[in-house]
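Topology and contacts: notes
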Amino acid sequence: MTGRRTFLKQLGYGGMGLAMLPYLPACTSTVATKTIGGASPESMGVSSRGLTDFFDAVQKSGLEFHSIMINRNGNTILEAWWEPFEKEYIHTLYSLSKSFTSTAIGLLHDEGKIKVNDKVIAFFPEKLPASVSDNLSAMRVYDLLTMHTGHDQDTMGRIRASGETDWVKAFLQLEVPKQPGSLFLYNTGATYMLSAIAQKITGQNLMSYLQPRLFGPLGITGADWEEDPNGINVGGYGLRIRTQDILNFGQLYLQKGLWNGKQLISAAWVEDATKRQVNSQDNDSDWGQGYGYQFWRCKPGCYRGDGAYGQYCIVIPDKNAVIAITSETKDMGASMKLVWDHILPAMQAPSSVVVDKTAKQKLSQTISRLSLPIENNSVPDHIAAQLNNRSFTFESNTLGGEKVSFVFQKDSCTVTFVENGRTIRIDSGLHRWITGGNIKQGNTLFPIRGRTPKPTRISSYYYWPEKNKMVLTLKYVENAHADIFTFLVNDGQLDMEFGNSLSFQSSNQEQRPSLRGIMS
């Protein structure tokens, strides 16, 4: 996992199975959320017992999964969400966005509008530095696609920190110390440049360009994608779509670019994008198996797009299968190993898998009970009644916090914050998740870690670890992360402390100072 942590730092923040068929249709599913049905696992040669073993292993691992969907032989055999996540919610992809950006380049390539050997500087002659180095001049689209730009550190963090609102210009101003093609370096700025090139060619950002060519045909709706100051989708991260959309994207690649009988993207591009184009890390991890066009090769011989904290689109041609996962895992290598150890071995020839009604029933029961852990050991004698309809005014602080108030009912609480002149209301359940109308509007709710620039639904629960202490958990279910607010009340004074799921998973200390409020 050391290698993946290195990549996260660089981010600055994330056909054997087709041999008998000319194409597979758009995948079929009659499986409801948290159930199995329609095409049963066994009918597609997958052991229900093996899938149950996977869920058991996830629980024992302590890793946080949000959803999983599996296609086998063009049929959805499994879909599951851990409460409070739901099927219809979009989810941030982090670097899994990169695979969608490279697909846009593939579409442009198929249209004859770009070649992988085109020089990067040819697209932006008006934004070049006064002196163009030999290495910058030599950089190709191929080098952007394969993370061989010649930079010796990721460029995205430096682009964002430059203060330059023209990110393309900021990228081109950076030194290129190595010859392009000589060094593999995971470089989110390279993917951004692919997005910028696509927009320069088409006059449209990636979202608009991909809508009729990819998103529409695959049924992707409700998506959004972060943009730079000039409206260019950032490319390397920031796309949000549903788990079903991730699965369909993988199915398209498994089917060599065919969807409902139409060739959306050429089979030749799919082949080039997903094979080992270059060596990646010099180790035996899942990041050391080689890199294609913004796709990773995997140890079992398959390939994937992935994103920070465990967003996966895993395509397994020799099993004729696709797996889509969203999560907030602290160890992406460990979460992938659970797939390799339990799900892949469960996939056999249909004739070799015996229907086990007991195992299938257990699988259904397991899926129906999936939930993120909830602390439910509140002390019985707490001060909810004393806080009810009370408001606290915060002392002067750097976070813009002004007030907080509480309204309690039998098993729920409405917590209302006033922050920088904005009123934000959170409905929270006692030992149970409530989503309702909770919305985090971009960088609000005292942000400092866990970038949520787009609006996201919030699911929340609370509990009382001590008589005078209330802990409020806010899970951003269209992002990936959580905030944990702790309120300690004594003698008309409230102290509010902050925590978040990112700092809880690492040695990073919480950077937000506690706030003190006086009862109004």
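Our subject in this report is the structure included herewith. (Residues numbered from 1 in each chain as written. Predicted model: local features only at pLDDT ≥ 70, side-chain atom pairs only at ≥ 80, totals over all residues. Heavy atoms only, no water.)

**Section: the sheet that holds strand β4 (residues 224–225)**
Our working rule: Should DSSP find at least two bridges between two strands, the strands are regarded as paired. Note on conventions: DSSP H or I runs of at least 4 residues are helices, E runs of at least 2 residues are strands, and numbering of each starts at the N terminus.
Reading across from one edge, β3-β5-β4 is the order of the three strands in this open sheet, with antiparallel pairing throughout. The sheet terminates laterally at β3 (91–92) and β4, the two strands that pair on one side only. As paired strands, β3 and strand β5 (residues 239–241) are joined by two bridges and run antiparallel to one another. From the neighbouring strand, His91 faces β5, where its bridge partner is Ile241.

**Some remarks on the packing of helix α2 (residues 48–61) against helix α12 (residues 332–346)**
Two numbers describe a pair of packed helices, the interaxial angle and the distance between the axes. This is how the line gets drawn: Inter-axis angles, ranging from 0 to 180 degrees, are taken between N-to-C directions of lines fitted to C-alpha atoms, where helices are fitted over the stretch in contact. Throughout this description, any angle smaller than 35 degrees is read as roughly parallel, any larger than 145 degrees as roughly antiparallel, any in the 65 to 115 degree range as roughly perpendicular, and the remainder as oblique. The sense of a crossing depends on the near helix, which, turned anticlockwise from the far helix by less than a right angle, makes the crossing left-handed and, turned clockwise, makes it right-handed. For this analysis, residues touch if any pair of their heavy atoms sits within 4.5 Å. When residue character is reported, Ala, Val, Leu, Ile, Met, Phe, Trp, Tyr, Cys and Pro are called nonpolar, Asp, Glu, Lys and Arg charged, and the others, Gly included, polar.
One can describe the packing of α2 onto α12 by two numbers: an axis separation of 8 Å at closest approach and a directional angle of 170°. The pairing of α2 with α12 is recorded here as roughly antiparallel in orientation. In this structure, the crossing between α2 and α12 has a hand that is right-handed. For the pair α2 and α12, the contacting residues are Gly50, Leu51, Asp53, Phe54, Ala57, Val58 and Ser61 in the first and Leu338, Val339, His342, Ile343 and Ala346 in the second. When the residues that make up the contact of α2 with α12 are grouped by side-chain class, the tally is eight nonpolar, three polar and one charged.

**A look at the pairing of strand β21 (residues 515–519)**
In the case of a regular strand, side chains alternate between the two sheet surfaces. Note: strand β12 (residues 390–394) against β21, three bridges, orientation antiparallel. Residue pairing for β21: Phe392 is matched across the bridge by Met519. The sheet contact formed by strand β20 (residues 493–500) and β21 spans four bridges and is antiparallel. When the bridges of β21 are listed, Gln493 appears paired with Ile518.

**Focus: the nonpolar core**
The cut-off we apply is this: We call a set of buried residues a nonpolar core when its members are Ala, Val, Leu, Ile, Met, Phe, Trp, Tyr or Cys and they connect through side-chain atoms within 4.5 Å of each other. Think of it in three bands: residues with accessible area under 20% of the maximum for their type are buried, residues over 50% are exposed, and the middle band is partly exposed, with areas taken using a 1.4 Å probe on protein chains only.
The biggest cluster of nonpolar side chains holds 122 residues, and the ones touching the most others in it are Phe55, Ile68, Phe100 and Ile323. Here this core takes eight residues from α12, the largest share from any one element. Among residues more than four places away in sequence, those in contact with Phe55 are Ile68, Leu78, Ala80, Trp82, Leu363, Thr366, Ile367 and Leu370. Counting 30 residues, the second-largest nonpolar core is a separate cluster that includes Phe406, Leu445, Leu474 and Phe487.

**Notes on the sheet that holds strand β9 (residues 303–307)**
Spatially, the six strands line up as an open sheet ordered β2-β1-β11-β10-β9-β8, and their pairing is antiparallel. Two strands close off the open sheet at either side, each with one partner strand: β2 (75–81) and β8 (296–297). With five bridges connecting them, strand β10 (residues 311–316) and strand β11 (residues 321–327) associate as antiparallel partners. Within β11, the residue paired with Val315 across the bridge is Val322. α2 rests against β1 (65–72) and β2 of the sheet, and its axis sits at about 160° to β1. Relative to β10, α12 is tilted by about 35°, and along the sheet it contacts β1, β9, β10 and β11.

**Focus on the packing of aromatic side chains**
Test applied: Any two rings among Phe, Tyr and Trp, with Trp reduced to its six-membered ring, count as a pair given centres within 6.5 Å; such a pair is stacked if its planes are under 30 degrees apart, edge-to-face if over 60, and tilted if neither. To sit over a ring, a charge needs its Lys NZ or Arg CZ within 6 Å of the ring centre and within 35 degrees of the ring normal.
Going through the model one piece at a time under the given rule, you end up with 30 aromatic pairs. Residues Phe408 and Tyr462 carry aromatic rings whose centres are separated by 6.0 Å and whose planes lie at 70° to one another, so their mutual orientation is edge-to-face. Here the residue Phe408 occupies a position in strand β13 (residues 401–408), and Tyr462 occupies one in strand β17 (residues 456–466), the gap between them amounting to 54 residues. In this pair, the class of Phe408 matches that of Tyr462, namely buried. For the ring pair Phe446 and Phe498, a centre distance of 5.3 Å and an interplane angle of 55° mean the geometry is tilted. Pair noted here: Phe446 is in the loop between β16 (439–440) and β17 and Phe498 is in strand β20, with a separation of 52 residues, a long-range link. Among the residues examined, Phe498 registers a relative accessible area of 10% and is labelled buried. Here the aromatic residues Phe392, Phe406, Phe408, Phe417, Phe446, Tyr462, Trp464, Phe485, Phe487 and Phe498 are joined through ring pairs into a cluster of three or more. Stacked on the ring of Trp287, the Lys or Arg Arg304 has its end atom at 5.1 Å from the ring centre. Cation over ring: Lys440 sits above Tyr476, and NZ or CZ is 5.2 Å from the ring centre.

So, to be careful, I would describe these as geometric facts and stop short of saying anything about function.
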